[in-house]
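# Observations on chain architecture
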Amino acid sequence: MLKPLKAIDSDSFYINPDSRVSVLNYSEGYIQNIFQLVNSKGLLNLVKLYLAEQQSNSKDDIVQEDPEQYVNVLKAILTDNTAVYEKYDKDLILQSIEDLYSYYRQYFRVSVINKHNNAVIKGGFMDIDNNFNELVIDLYRAVEEKVQGFSNHTYRQINAGTNACAITQSIDWPAPAGYENLKSIRFLDTLMLRPPMMMHTKSNKREGLFDAVPDNPIKKFNGKSNEWYCFPAKIGESLSYIYFHRDYFVSGIALGNLFEVASEEEVRGKKPDEILLFGLPETEGDVCHYYHDEANDIWVGEVPYNDKTTYFGYMKKMCLTLHNLHMIYENRLPIHGSMVKISFSNGKTKTVVFFGDSGAGKSESIEALQEIADDKIINIETIFDDMGSFAFDKDGNLYAQGTETGAFVRLDDLSSSVAFNNMDRGIYLNPELKNARVILPANTYKRVVQHHTIDMWVYANNYDSEIGLHQFPDEDAAKATFIAGKRKALGTTDEVGMSTTFFANPFGPVQEEERTRPIIDKVFNKLYQDNIYVGEIYTHLGYDKSKDSLQESAKELLDQLMNN
């Protein structure tokens, strides 16, 4: 049995065959031509890992060479020194070059540049990264065409060098006593993504709940500045510092399609509402936890470094759990659901909140409404896709507000038109597997955090056989259904069969049920005072998954919204 290959680390190039993540640090070393590239330590380290994986599967002479000789062959090809490589079969050289090129592209490759308060870097970092991508393609093509003896007739401009680039910088913020080890970790300032991004992780499902621990996880943190990064996120109106180990760059970069990046001005001198430590070597029970630092009023989350937590759902839901706990302590009600503002052809505009746990049919109900509406709907604007909150303004009016600027959507239940129409902006996670997901930008931060009125609130019922829409006659009947949080699990988590979750939200309300119940009472009381429609829509996703049934329910929903 082959021993697992170890990560190779240098100042300018990190590559880990286990996590399939590679980080290029342009501030420590930037390659400007193909001769620098072919002579670089980074390329040699890549070849070492490539050959180590290939040599047990192939007996070809070129693959059996040591890394230094393999690179010498590449150099000889570039300089037309045929004496060095003529002993090898040309077809096998070509195949090996193609395999090396593909091997590197199997990694999630991120380049980073430290800003150092340099405005030139800020303005030109995409050009810097684009030039490196061109160098990788140029080296590959130069070697390939010299070996085969003719130029190609078809060229493919792929992301050969990197999938993403990030500007990083150190920003001074008032770290309380005990948090000093975080001060050396650089913040992500600006991101450049190269979508569509196809990303793969070892895990594709989230398990369990996040619970509280008696000791602050910050005591365990001793991460190094070259191994950890911080994504400063604006989650709703919360400021969250999301620290992650570089082997979790898949999730760290994917956050860019989900949350707004806080600016340097919004971070400098600011204490965050939440801190997440993602990728700690050890946590209690090797699972995720949170801690409320009441003295400093910071919610601190911890996620262990293991294969399970590579699934993006852990990153997203831990962020939202911390945010929701903060909201509950601010007397706001976290809402696990989707909110859309719909403009109709008859001039009406309605805001609708679809409520329910994972797999209940929130997104599917919106899609079904679009499919059956024809030209009756002019526009559907997503205010929030998965999590929002209800709150009261100073005059006692109820309003809704979102958290995310993007949507983390299950591909399995979306029509191909929805998925592929947005492909050029999407981050796709394990697209070939069950519970495949895509992260898509949905709305602007400014729009998401505005105060939105609520015209309808419906529970997504995926377990009953009824079809259509049902309005609850009074707030007690409505609260009973919403609080019970029933659903038929669809394999998006580790649950199976029928399940109940307090208020259909395991990300905050479950952990703080006693504090949440009075807010629920106040919200439902206000909704019924204001004669807001509160009901349930039968989605059939956990019953028979009948698309026709869901569309019949969507027709009743459309009629209610347009004609009442």
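In this report, we go over the structure that sits alongside the text. (Residues numbered from 1 in each chain as written. Predicted model: local features only at pLDDT ≥ 70, side-chain atom pairs only at ≥ 80, totals over all residues. Heavy atoms only, no water.)

The next point concerns the layout of surface pockets. Remark: the empty space left among the atoms is shown by a probe the size of a water molecule rolled over them. Of the volumes computed, that of the second largest pocket is approximately 470 Å³. Mapped onto the lining of the second largest pocket, the elements with two or more residues apiece are β3 (21–25), α2 (41–54), α6 (90–105) and α7 (119–148). Among the elements that take part in the lining of the second largest pocket, α7 stands out by supplying 5 residues, more than any other. Residues belonging to the lining of the second largest pocket are distributed by class as follows: 18 nonpolar, 5 polar and no charged. (1 Å grid on protein atoms, 1.4 Å probe; cavity = no way out; pocket = protein on both sides within 12 Å on 5 of 7 lines; lining within 4 Å. Points joined across faces, edges and corners; volume = space filled by probe spheres on them. Helix = DSSP H or I, 4+ residues; strand = E, 2+ residues; numbered from the N terminus. Nonpolar A, V, L, I, M, F, W, Y, C, P; charged D, E, K, R; others polar.)

Here we take up the sheet that holds strand β21 (residues 427–429). Strand order in the open sheet formed by 4 strands is β7-β21-β22-β20, with mixed pairing between adjacent strands. Of all the strands in the sheet, just β7 (197–199) and β20 (406–410) have a single pairing partner and so form its edges. The average angle at which neighbouring strand axes cross in this sheet is 20°, direction not considered. In this structure, β7 lies alongside β21, joined through 3 bridges in parallel fashion. Within the sheet, the bridge partner assigned to M199 lies in β21 and is L429. (Pairing = 2+ DSSP bridges. Axes fitted to C-alpha atoms, helices over the stretch in contact; angles between N-to-C directions.)

On to the packing of aromatic side chains. Between two aromatic rings, the relevant description is the distance of the centres plus the angle of the planes. Tallying each qualifying case throughout the model produces 32 aromatic pairs. Relative to Y459, the ring of F355 lies with its centre 5.9 Å away and its plane at 45°, an arrangement referred to as tilted. Of this pair, F355 sits in strand β16 (residues 349–355) while Y459 sits in strand β23 (residues 456–461); the two residues are 104 residues apart in sequence, bridging distant segments of the chain. Y459 carries the same exposure label as F355, and that label is buried. The interplanar angle of 75° and the centroid separation of 5.4 Å between the aromatic rings of F482 and F524 together place this pair among those described as edge-to-face. (Phe/Tyr/Trp six-rings, centres within 6.5 Å; stacked < 30°, edge-to-face > 60°. Buried < 20%, exposed > 50% of the residue type's maximum accessible area, 1.4 Å probe, protein only.)

A few words on the pattern of salt bridges. Counted by the stated rule, this structure contains 27 salt bridges. Here K202 and D18 are joined by a salt bridge, their closest N and O atoms 2.5 Å apart. Taken together, the residues K202 in the loop between β7 and β8 (211–212) and D18 in the loop between β2 (13–16) and β3 connect sequence positions 184 residues apart. Given the relative accessible area of 46%, K202 is considered partly exposed. (Salt bridge = Lys/Arg side-chain N within 4 Å of Asp/Glu carboxyl O.)

Core analysis: the largest hydrophobic core is formed by 48 residues, its most contacted members being Y70, L139 and V143. Elements represented by at least two residues in this core include exactly β2, α1 (34–38), α2, α3 (61–64), α4 (67–78), α6, α7 and β5 (164–169). It is α7 that provides the largest number of residues to this core, a total of 10 residues. Dropping the residues within four chain positions of it, Y70 is found in contact with V47, Y50, L51, I62, E65, S96, I97 and L100. Core analysis: the next-biggest nonpolar cluster, separate from the first, contains 47 residues, V21, L188, F408 and I427 among them. (Core = buried A, V, L, I, M, F, W, Y, C linked by side-chain atoms within 4.5 Å. Contact = heavy atoms within 4.5 Å.)

Moving on to the packing of α2 against α6. For the pair α2 and α6, interaxial distance at closest approach is 10 Å and the crossing angle is 110°. Between α2 and α6, the angle falls in the class roughly perpendicular. Taking contact as the criterion, the partners of L46, V47, L49, Y50, E53 and Q54 in α2 are, on α6, S96, D99, L100, Y103 and Y104. Grouping the amino acids of the contact of α2 with α6 by side-chain chemistry returns 7 nonpolar, 2 polar and 2 charged. (Parallel < 35°, antiparallel > 145°, perpendicular 65-115°, else oblique.)

Turning our eyes to something else, we now look at the pairing of strand β27 (residues 533–538). Judged by how many residues are buried, β27 sits mostly within the fold: 6 of 6 residues are covered. Burial along β27 is two-sided: Y533, G535 and I537 and V534, E536 and Y538, pointing in opposite directions, are all buried. As judged from the 6 bridges shared by β23 and β27, these two strands associate in the parallel manner. Counted as the bridge partner of A460 is I537 from β27.

The buried fraction of strand β9 (residues 228–235) amounts to 8 of the 8 residues, a majority that puts the element mostly inside the structure. In terms of strand pairing, strand β6 (residues 186–193) meets β9 through 2 bridges, oriented parallel. Paired with F187 across the two strands is C230, which belongs to β9. Inspection of the sheet shows β9 paired to strand β10 (residues 238–245) by 8 bridges, in the antiparallel sense. Bridged to Y229 within β10 is F244.

Our focus in this paragraph is the packing of helix α14 (residues 475–484) against helix α15 (residues 513–529). Contact geometry for α14 and α15: axes closest at 10 Å, N-to-C directions at 135°. Comparing their axes, α15 and α14 come out oblique. Relative to α15, the crossing made by α14 is right-handed. Across the interface between the two elements, E475, A478, K479, F482 and I483 of α14 pack against R517, I520, D521, F524, N525 and Y528 of α15. The residue inventory of the contact of α14 with α15, partitioned by class, reads 6 nonpolar, 1 polar and 4 charged. (Left-handed = near helix turned anticlockwise from the far one by under 90°.)

In short, the description is geometric, and any link to function would need to be established separately.
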